[in-house]
Amino acid sequence: MITYNKSEVRKKLQAENIFELLQEWGGDPEYTDFGILSATICHNQPGEGSRKLYYYTNTDLFRCYTDCSSTFDIFELLIKVAKVQWNREFDLNDAVRYIAIKYNLAGEEIELDEDALSDWKSFNTYDRINSIEIKDYHATLKEYDTIILSRLVYDVRIEPWLREGITNDIMKKATIGYFPAGGQITIPHYDKDGRFVGLRGRALSQVDADMYGKYRPLMINKQLYNHPLGMNLYNLNNSKDNIKLSRTAIVFESEKSCLKYASFFGIENDISVACCGSSISAYQVQMLLDAGAKEMVIAFDRQFQEIGDAEFKRLTDLLTKLNNKYKNYIDISIIFDKKMITEYKDAPIDESPDKFLKLWKERIKL
Ligand SMILES: [Zn+2]
């Protein structure tokens, strides 16, 4: 496997790249005299922390002045963000690779040097996510020019998705397209008011999916169409009225599940949103409360092979944590496929409306 030289990658990274990354991770960054000021996404979910994470352009280092009270570089920040927002364990190589690939910074076939490793050992352990207070905090995400959408391809049949039961009508309504240069299905993201705030691609090739992650923001003509995933809910623009009426919202991990839900049960019954990760931020819960939801149904993927395995433990820990964090704000129920009627890694909506309804009826209240 190609490994990337950490200091090389860090040297090539521009302040604008750092700014973009902070934006994508929900830090709501701003430029200042010394560098960049951001919310403390190092130990908080987007929209939760105070603005106490400083990036100094003279040293290329971050300092968190609250819980972390330590200094770290962009790679360690990414490791923290991966843990807090995506529930994923990144090591240093993962972090360097992620950023190198994202910004097309050439890799060299060398292993991490000793310096980098000892540097690494001194880094702090992850911060615990403490119980949080939901703040009445509203941010307006940057809007992108929709002209880019007209440059994508729409007259192709997205066979893999059609085969899974997503209808052409729903795809058309969601402006699902194709980006030939990237070999990706394109998924525009809108905020609750229908403003175009991001464009994500779903890799069609398995190799790309393994390398870059299944979903990632698109980069077209040097413009990266990213947005802080934790500060928006995919599909809320379409489902908000139904959520208000039924007082219930279903939170899936991925965009595709929302498209499937609408295909199976109709737009007029659509109460689904996607958090676009495997965690739900306080900001997203606030968005659901604002939309009139009284119950939040968490419908995450079956990310375990058998009851009691390591992944099972990780998933149940995550769900317990989410429940503890938000139960005082909203009723929480969890769709959990303990009888394993769906396949490993499938979303509860993935296989059929019948299976989904069965899981829905058996959803758990902790
Ligand atoms: Zn911190």
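Described in the following lines is the structure provided in the data block.

Reading the values: rules and limits
Residues numbered from 1 in each chain as written. Predicted model: local features only at pLDDT ≥ 70, side-chain atom pairs only at ≥ 80, totals over all residues. Heavy atoms only, no water. Pairing = 2+ DSSP bridges. Helix = DSSP H or I, 4+ residues; strand = E, 2+ residues; numbered from the N terminus. Axes fitted to C-alpha atoms, helices over the stretch in contact; angles between N-to-C directions. Phe/Tyr/Trp six-rings, centres within 6.5 Å; stacked < 30°, edge-to-face > 60°. Buried < 20%, exposed > 50% of the residue type's maximum accessible area, 1.4 Å probe, protein only. Donors = N, O, S within 2.8 Å, 3.2 Å for Na, K, Ca; no water. Tetrahedral: all angles 85-135°; square planar, octahedral: opposite > 155°, others 65-115°. Arc of directions from axis to C-beta. Contact = heavy atoms within 4.5 Å. Right-handed = clockwise from strand over helix to strand, strands pointing away.

Turning our eyes to something else, we now look at the sheet that holds strand 9 (residues 215-217). Spatially, the 4 strands line up as an open sheet ordered 6-7-8-9, and their pairing is antiparallel. In this open sheet, the two strands that pair with only one neighbour each are strand 6 (177-179) and strand 9. Ignoring strand direction, the axes of neighbouring strands in this sheet form an average angle of 40 degrees. Pairing of strand 8 (residues 196-203) with strand 9, which is carried by 3 bridges, proceeds in the antiparallel orientation. Its bridge partner being in strand 9, Gly201 is matched across the sheet by Arg216.

So, on to the packing of aromatic side chains. Tallying each qualifying case throughout the model produces 24 aromatic pairs. Note on Tyr54 and Tyr56: the rings are 6.2 Å apart at their centroids and 15 degrees apart in plane angle, and the pair reads as stacked. Each ring, one from Phe265 and one from Phe356, has its centre 6.0 Å from the other, and the planes form 50 degrees; the classification is tilted. With Phe265 in helix 11 (residues 255-265) and Phe356 in helix 14 (residues 353-361), this pair connects stretches of sequence that are 91 residues apart. Judged by relative accessible area, Phe356 falls into the buried class, the value being 1%. A network of ring pairs unites the aromatic residues Phe252, Tyr261, Phe264, Phe265, Phe356 and Trp360 as a single cluster.

A few words now on the coordination of the zinc ion. Donor atoms from the polypeptide that bind the zinc ion are Cys42 (SG), His43 (ND1), Cys64 (SG) and Cys68 (SG), placed at 2.1 to 2.4 Å. Coordination at the zinc ion is tetrahedral, judged from the 4 donor atoms that bind it and the angles of 103 to 112 degrees they form at the metal. If you list the donors of the zinc ion from N- to C-terminus, the spacing comes out as C-H-x20-C-x3-C. Of the two residues, His43 is situated in the loop between strand 2 (35-38) and strand 3 (53-56) and Cys68 in the loop between strand 4 (61-64) and strand 5 (70-72); the sequence distance between them amounts to 25 residues. In terms of burial, His43 and Cys68 fall into one category: buried.

Moving on to helix 10 (residues 236-246). Residues of helix 10 that are buried include every one of Leu236, Ser239, Asn242 and Ile243, and no others. The arc that holds the buried residues of helix 10, viewed along the axis, is 135 degrees, so those residues lie on one side. Exposed and facing more than 90 degrees away from the buried side of helix 10 are Asp241, Lys244 and Leu245. Along its buried surface, helix 10 packs onto strand 12 (248-252), strand 13 (272-274) and helix 12 (282-290).

Taken together, the 5 strands give an open sheet; going across it, the order is 1-2-3-4-5, and neighbouring strands pair in antiparallel fashion. Of all strands in the sheet, those bounded by a partner on one side alone are strand 1 (30-31) and strand 5. In terms of strand pairing, strand 3 meets strand 4 through 4 bridges, oriented antiparallel. Following the sheet pairing, Leu53 is matched in strand 4 by Cys64. Here helix 2 (residues 15-24) sits on the sheet and contacts strand 1, strand 2, strand 3 and strand 4; the angle it forms with strand 2, its principal contact strand, is near 5 degrees. Each of strand 3, strand 4 and strand 5 touches helix 3 (residues 74-86); the most contacted strand, strand 5, lies at about 105 degrees to it.

Burial analysis of strand 12 places 5 of its 5 residues in the buried class, the great majority of the element. Neither face of strand 12 is exposed, since Thr248, Ile250 and Phe252 on one face and Ala249 and Val251 on the opposite face are all buried. The sheet contact formed by strand 12 and strand 13 spans 3 bridges and is parallel. Within strand 13, the position partnered with Val251 by the bridge is Val273. At this point the chain moves from strand 12, through helix 11, to the parallel strand 13, and the crossover so formed is right-handed.

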